[in-house]
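Structure at a glance
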Amino acid sequence: MEIQAQVIRSSQREFSCKTTEGEIVEAKALGNLLKNNETIVVGDFVILEQKEDGREWTIIKLVERKSEIFRVLVREQKKKVTAANCDLLVILSSVSKPAFKQGIIDRFLVRASQWGVKPILIFNKMDEYDSTKMDITFESSRLEALGVLSFEICALMGDSYRPQFLENGWNELQENLKGRTAIFLGQSGVGKSKTISLLSGGKVSLKTKKVGKVGKGSHTTTWSELIELPNFKLIDSPGIRSFSLEDIDPNELLSYFPDLEEIATGCKFNDCSHAQGSKGCSFYNNSWTEAQSNQVFSRLQSFLRIVDEVGQTPFWQKKL
Ligand SMILES: Nc1nc2c(ncn2[C@@H]2O[C@H](COP(=O)(O)OP(=O)(O)O)[C@@H](O)[C@H]2O)c(=O)[nH]1
Ligand SMILES: [Mg+2]
Ligand SMILES: [Zn+2]
């Protein structure tokens, strides 16, 4: 018998799969599916076959992925995929502590662009919002110019917090999550666990360490998991939390800033570094309004900072 299923938990060679009928079964994969750095990951749709004699299931085929969450193993020039079929990247930021930072948001946007996954942004801890520290309407229109929707919430209050600055609050966030398979990213302490727990109606707590099978000594593993919430699916994977961009090819970076790439087509020289003082650089040669200029240069600053960082470490020293 053959059936389709989605991988909801994976370790090296064993996979928990949820069948189209909603049953959860444990399966091993055919050897050729795991060769040459190929892997089966959380979120993958697979075809399972059951042996005639009993209850053992085997993954015999991997269904083509719609998207991949990955890093590049620089030395091998190979992708290391950690999750599949994710269609929403939820970037969480705090407006108080830790302080909101454009640079970090832009880093996550690089990943969204590289992975081909739609990003949205949550401004959390709005109960502690202080307009002298940051301007949420400016930040949200900066993101809107990049096609990124943002939401204003307080994870401590959930539904009972009413947005004051943006159109979108808790209800709109839930609306946007509906039916999606999402990954939440954000600095430590911004409120990911709190927000997810609230979104799940208290059913999910990501703080819990997942401990390996009882009886196997003190071995503790952190699994990648796909968690089904009432409204959407959540992918939780330890491999994606770091926001280091060390594995990004400096020559590809500009393509992950499509807004800047468009402007850069006007630069006089192909190898323009877009740094201040570059000859014929279209970033320093234009008739933008102050608002446009603020927008562009805040993005350019993020770009140049990342270029600096990814360009400095020789590839053989890069560890992922
Ligand atoms: N004031 C305030 N604190 C919050 C809010 N959301 C989360 N926190 C607190 O911020 C801290 C970090 O939250 P947590 O969910 O663990 O963040 P994570 O590291 O991103 O998972 C905890 O002490 C939370 O109680 C919020 O909306 N307002
Ligand atoms: Mg957490
Ligand atoms: Zn330039």
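It should be emphasised that the depicted structure is a prediction, and the values quoted were computed from it without experimental measurement.

A few words on the overall build of the protein. Looking only at helices and strands, the protein features 6 helices and 13 strands. Its C-alpha atoms give the protein a radius of gyration of 22 Å, within 12% of the compact-globule value 20 Å for 320 residues. Taking the principal axes of its C-alpha atoms as reference, the protein extends roughly 75 × 50 × 35 Å. Counting all 320 residues of the protein, 47% fall into the buried class. For the protein, the proportion of contacts with a sequence separation of at least 24, taken over those separated by at least 6, is 63%. As displayed, the protein has an accessible area near 17,400 Å², and 48% of this comes from carbon and sulfur atoms. Computed over 42 positive and 41 negative side-chain charges, the separation of the two mean positions in the protein equals 6 Å.

With that out of the way, let us pick up the coordination of the zinc ion (ligand 3). Each donor-metal-donor angle would ideally measure 109.5 degrees in four-coordinate tetrahedral geometry, or 90 or 180 degrees in six-coordinate octahedral geometry. At the metal site, the zinc ion (ligand 3) is ligated by Cys 267 (SG), Cys 272 (SG), His 274 (ND1) and Cys 281 (SG), and these contacts range over 2.1 to 2.4 Å. Viewed at the metal, the 4 donor atoms of the zinc ion (ligand 3) are separated by angles of 102 to 118°, and the geometry they form is tetrahedral. All donor residues of the zinc ion (ligand 3) come from one chain, and their arrangement in sequence is C-x4-C-x1-H-x6-C. On the basis of relative accessibility, which here comes to 14%, the residue Cys 272 falls in the buried class. Judged by relative accessible area, Cys 281 falls into the buried class, the value being 3%.

Quick look at the packing of aromatic side chains now. One pass over the full model with this rule turns up 6 aromatic pairs. An angle of 75° between the planes, with centres 6.1 Å apart, marks the rings of Trp 288 and Phe 297 as edge-to-face. Relative accessible area serves as the criterion here: at 27%, Phe 297 is assigned to the partly exposed category. What links up through ring pairs into an aromatic cluster is the set Tyr 284, Trp 288 and Phe 297. When the ring centre of Phe 70 is taken as origin, the NZ or CZ atom of Lys 79, which lies over that ring, is 4.8 Å away.

Helix-helix packing is described using two parameters, namely the angle between the two axes and the distance between the axes. Remark: helix H1 (residues 102-115) packs on helix H2 (residues 136-144), axes separated minimally by 13 Å, with the N-to-C direction vectors making an angle of 20°. Of the possible angle classes, the one that applies to H1 and H2 is roughly parallel. Pair H1 / H2 crosses with right-handed handedness. The segment H1 lies against H2, with Gln 102, Ile 105, Asp 106 and Leu 109 engaging Phe 138, Glu 139, Arg 142 and Leu 143.

Under the domain assignment used here, the protein contains domain 1 (2-64), domain 2 (83-206 + 222-240) and domain 3 (253-313). The C-alpha-based centres of domain 1 and domain 3 are spaced at 45 Å.

Glancing now at the site of ligand 1. Every one of the 16 residues lining ligand 1 counts as a neighbour, but Asp 127, Gly 189, Lys 192, Ser 193 and Lys 194 are closest to it. Here an oxygen atom of ligand 1 sits 3.0 Å away from a polar atom, N or O, in the main chain of Gly 191. One nitrogen or oxygen atom from the side chain of Ser 193 is found 2.8 Å from an oxygen atom belonging to ligand 1. For ligand 1, whose accessible area on its own is 580 Å², the fraction buried by protein is 75%. Along the lines of polarity and charge, the residues of the shell around ligand 1 split into 4 nonpolar, 6 polar and 6 charged.

Orientation of helix H3 (residues 170-177) relative to helix H4 (residues 192-199), taken along the N-to-C sense of each, is 75°, at an axis distance of 12 Å. Of the possible angle classes, the one that applies to H3 and H4 is roughly perpendicular. Counted together, Trp 170, Gln 174 and Leu 177 of H3 and Thr 195, Leu 198 and Leu 199 of H4 form the full contact between these two elements.

Now for the pattern of salt bridges. For the structure shown, the criterion picks out 11 salt bridges. Asp 259 serves as the salt-bridge partner of Arg 299, at 2.8 Å between the closest nitrogen and oxygen. Of the two residues, Arg 299 sits in helix H6 (residues 290-312) while Asp 259 sits in helix H5 (residues 258-264), which places them 40 residues apart along the sequence. Look at Asp 259 and you get partly exposed, because its relative accessible area is 25%. Residues joined in a network through salt bridges with shared partners are Asp 44, Arg 65, Glu 68 and Lys 79.

The next thing to look at is the nonpolar core. Proteins that are soluble and globular tend to have nonpolar side chains buried together. Within the largest apolar cluster, 37 residues are counted, with the highest numbers of intra-cluster contacts made by Ile 69, Leu 89, Phe 123 and Ile 183. Of all elements in the fold, only strand E6 (68-73), strand E7 (78-84), strand E8 (88-94), H1, strand E9 (119-124), H2 and strand E11 (181-185) reach the threshold of two or more residues within this core. The greatest single-element share of this core, amounting to 6 residues, is contributed by H1. In contact with Ile 69, not counting residues within four places along its chain, are Lys 80, Val 81, Thr 82, Ala 83, Cys 86, Trp 115, Val 117, Ile 183 and Ile 240. Within the second largest apolar cluster, 20 residues are counted, among which are Leu 88, Leu 199, Ile 227 and Leu 229.

Moving on, we get to the pairing of E11. Taken across its 5 residues, E11 has 5 buried, putting it largely inside the fold. Where burial is concerned, the two faces of E11 agree: the one with Thr 181, Ile 183 and Leu 185 and the one with Ala 182 and Phe 184 are both buried. Both E8 and E11 contribute to a ladder of 4 bridges, which runs parallel. Across the sheet, residue Leu 88 finds its bridge partner in E11, namely Ala 182. As paired strands, E11 and strand E13 (residues 233-236) are joined by 3 bridges and run parallel to one another. Within E13, the residue paired with Ala 182 across the bridge is Leu 234.

Cut-offs and rules
- Residues numbered from 1 in each chain as written.
- Chains lettered and ligands numbered in written order.
- Predicted model: local features only at pLDDT ≥ 70, side-chain atom pairs only at ≥ 80, totals over all residues.
- Heavy atoms only, no water.
- Helix = DSSP H or I, 4+ residues; strand = E, 2+ residues; numbered from the N terminus.
- Rg over C-alpha atoms; globule rule 2.2 N^0.38 Å.
- Buried < 20%, exposed > 50% of the residue type's maximum accessible area, 1.4 Å probe, protein only.
- Contact = heavy atoms within 4.5 Å.
- Areas by Shrake-Rupley, 256 points an atom, 1.4 Å probe, with all protein chains shown as cover.
- Lys, Arg positive; Asp, Glu negative; His and termini not counted.
- Charge placed at Lys NZ, Arg CZ, Asp CG, Glu CD.
- Donors = N, O, S within 2.8 Å, 3.2 Å for Na, K, Ca; no water.
- Tetrahedral: all angles 85-135°; square planar, octahedral: opposite > 155°, others 65-115°.
- Phe/Tyr/Trp six-rings, centres within 6.5 Å; stacked < 30°, edge-to-face > 60°.
- Lys NZ or Arg CZ within 6 Å of the ring centre and 35° of its normal.
- Axes fitted to C-alpha atoms, helices over the stretch in contact; angles between N-to-C directions.
- Parallel < 35°, antiparallel > 145°, perpendicular 65-115°, else oblique.
- Left-handed = near helix turned anticlockwise from the far one by under 90°.
- Domains from an automatic or database assignment.
- Near = heavy atom within 4 Å.
- Polar contact = N/O pair within 3.5 Å; in protein donor to acceptor, adjacent residues only side chain to side chain.
- Nonpolar A, V, L, I, M, F, W, Y, C, P; charged D, E, K, R; others polar.
- Salt bridge = Lys/Arg side-chain N within 4 Å of Asp/Glu carboxyl O.
- Core = buried A, V, L, I, M, F, W, Y, C linked by side-chain atoms within 4.5 Å.
- Pairing = 2+ DSSP bridges.

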